[in-house]
Amino acid sequence: MSEMRLFNINGQRLYLNAEERDKFLTAAADLPPEKRAFAEFLHFTGCRISEALEVVPERIEVSQARITIRSLKKRRDDIYRTIPVPPAFADSLERTFSIKARQARPRQRQARLWPWHRHYGWEIITGIMKAAGIPPGPHRCPKGLRHGYGIAAITAGVPLNILQHLMGHADLSTTAIYANAMGQEQAEIVARMWN
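The present account deals with the structure reproduced in this document. Computed from a predicted structure; not experimentally measured.

If you walk through the whole model with that rule in mind, you get 9 aromatic pairs. Ring centres of Phe97 and Trp114 lie 5.5 Å apart, and the angle between their planes is 85 degrees; on these two criteria the pair is classed as edge-to-face. Remark: Trp114 occurs in the loop between helix H6 (106–109) and helix H7 (118–131) and Phe97 occurs in helix H4 (residues 87–97); sequence separation between them is 17 residues. Phe97 sits in the buried class, given a relative accessible area of 7%. Relative to Trp116, the ring of Trp114 has its centre 6.5 Å away and its plane inclined at 45 degrees; by these criteria the two rings are tilted. Of the two residues examined, Trp114 and Trp116, each falls in the buried class. Counting every residue linked through ring pairs, the aromatic cluster contains Phe38, Phe41, Phe44, Phe89, Phe97, Trp114, Trp116 and Tyr120. Taking the ring centre of Tyr15 as reference, the NZ or CZ of Arg13 above it sits at 5.5 Å.

What follows is the structure, given as structure tokens:
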């Protein structure tokens, strides 16, 4: 059984719901381009902060709207996953970081997009959540954004095996927690039976 949960021992939600994810993106839009791109990167990929901070231009396919991320929770350094992102977001990364130009320069191909420390990235994300008016609680953190990605994927009908790959989970039972979504998300999933 997986140790990962969507609710803490007090029954508090550990993920951002759809409305909070929208508010997060709206608040991020007011930031400088590099910080906005970082927030949107986490939102659209569901990756961990440390995985985002490691991304280099070489791993971004702007025209294909795909990003390859090294899975850092694995016990090996050579496990990667490719995540499709909205084309508009891939174009935004190109505008912000000149990805294609950097890919053409050997030294810049491997230069991190965000040369920050993990704690600074955490502060950016939690600051956006506060500015967005997301109420305090265990869900108002970067992991809440990651869990929100999983819930959004299940609600949209992404099969568990594909979501497992997208999130970089080693075990399908870890991914399966998102199928146990509660509240409005569960109602949307069940409502599909009648549509």
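Among the structural elements, Ala28 can be located in helix H1 (residues 18–28). In contact with Ala28, not counting residues within four places along its chain, are Arg36, Ala39 and Ile128.

Bringing helix H9 (residues 160–167) into the picture now. Regarding H9, the residues found buried are Leu163, Gln164, Leu166 and Met167. Projected onto a plane normal to the axis of H9, the buried residues spread over an arc of 165 degrees and lie on a single side. Those residues of H9 that are buried lie in contact with helix H2 (33–45), strand S3 (80–84), helix H8 (142–155) and helix H10 (172–175). At the C-terminal side of H9, Gly168 shows a positive phi close to 75 degrees.

Take the environment of Asp91 next. Locating Asp91 in the fold gives a position in helix H4. C-alpha separation for the pair Asp91 and Val62, spaced 29 residues apart in sequence, amounts to 6.4 Å.

Next up on the list: the sheet that holds strand S1 (residues 60–61). Pairing within the open sheet is antiparallel, and its 3 strands lie in the order S1-S2-S3. Single-partner strands in this sheet number two, and they are S1 and S3. As paired elements, strand S2 (residues 66–70) and S3 share 5 bridges and run antiparallel to each other. Bridging across to S3, Arg66 finds its partner in Pro84.

What follows concerns the side chain of His43. For His43, the position within the fold is in helix H2. Residue classification places His43 among the buried residues on the basis of a relative accessible area of 7%. Polar contacts involving the side chain of His43 include one to the side chain of Arg21, which spans 3.3 Å. When residues no more than four places from it in sequence are discounted, the contact partners of His43 are Arg21, Phe24, Leu25, Leu145 and Tyr149.

Conventions used here
- Residues numbered from 1 in each chain as written.
- Predicted model: local features only at pLDDT ≥ 70, side-chain atom pairs only at ≥ 80, totals over all residues.
- Heavy atoms only, no water.
- Phe/Tyr/Trp six-rings, centres within 6.5 Å; stacked < 30°, edge-to-face > 60°.
- Helix = DSSP H or I, 4+ residues; strand = E, 2+ residues; numbered from the N terminus.
- Buried < 20%, exposed > 50% of the residue type's maximum accessible area, 1.4 Å probe, protein only.
- Lys NZ or Arg CZ within 6 Å of the ring centre and 35° of its normal.
- Contact = heavy atoms within 4.5 Å.
- Arc of directions from axis to C-beta.
- Pairing = 2+ DSSP bridges.
- Polar contact = N/O pair within 3.5 Å; in protein donor to acceptor, adjacent residues only side chain to side chain.

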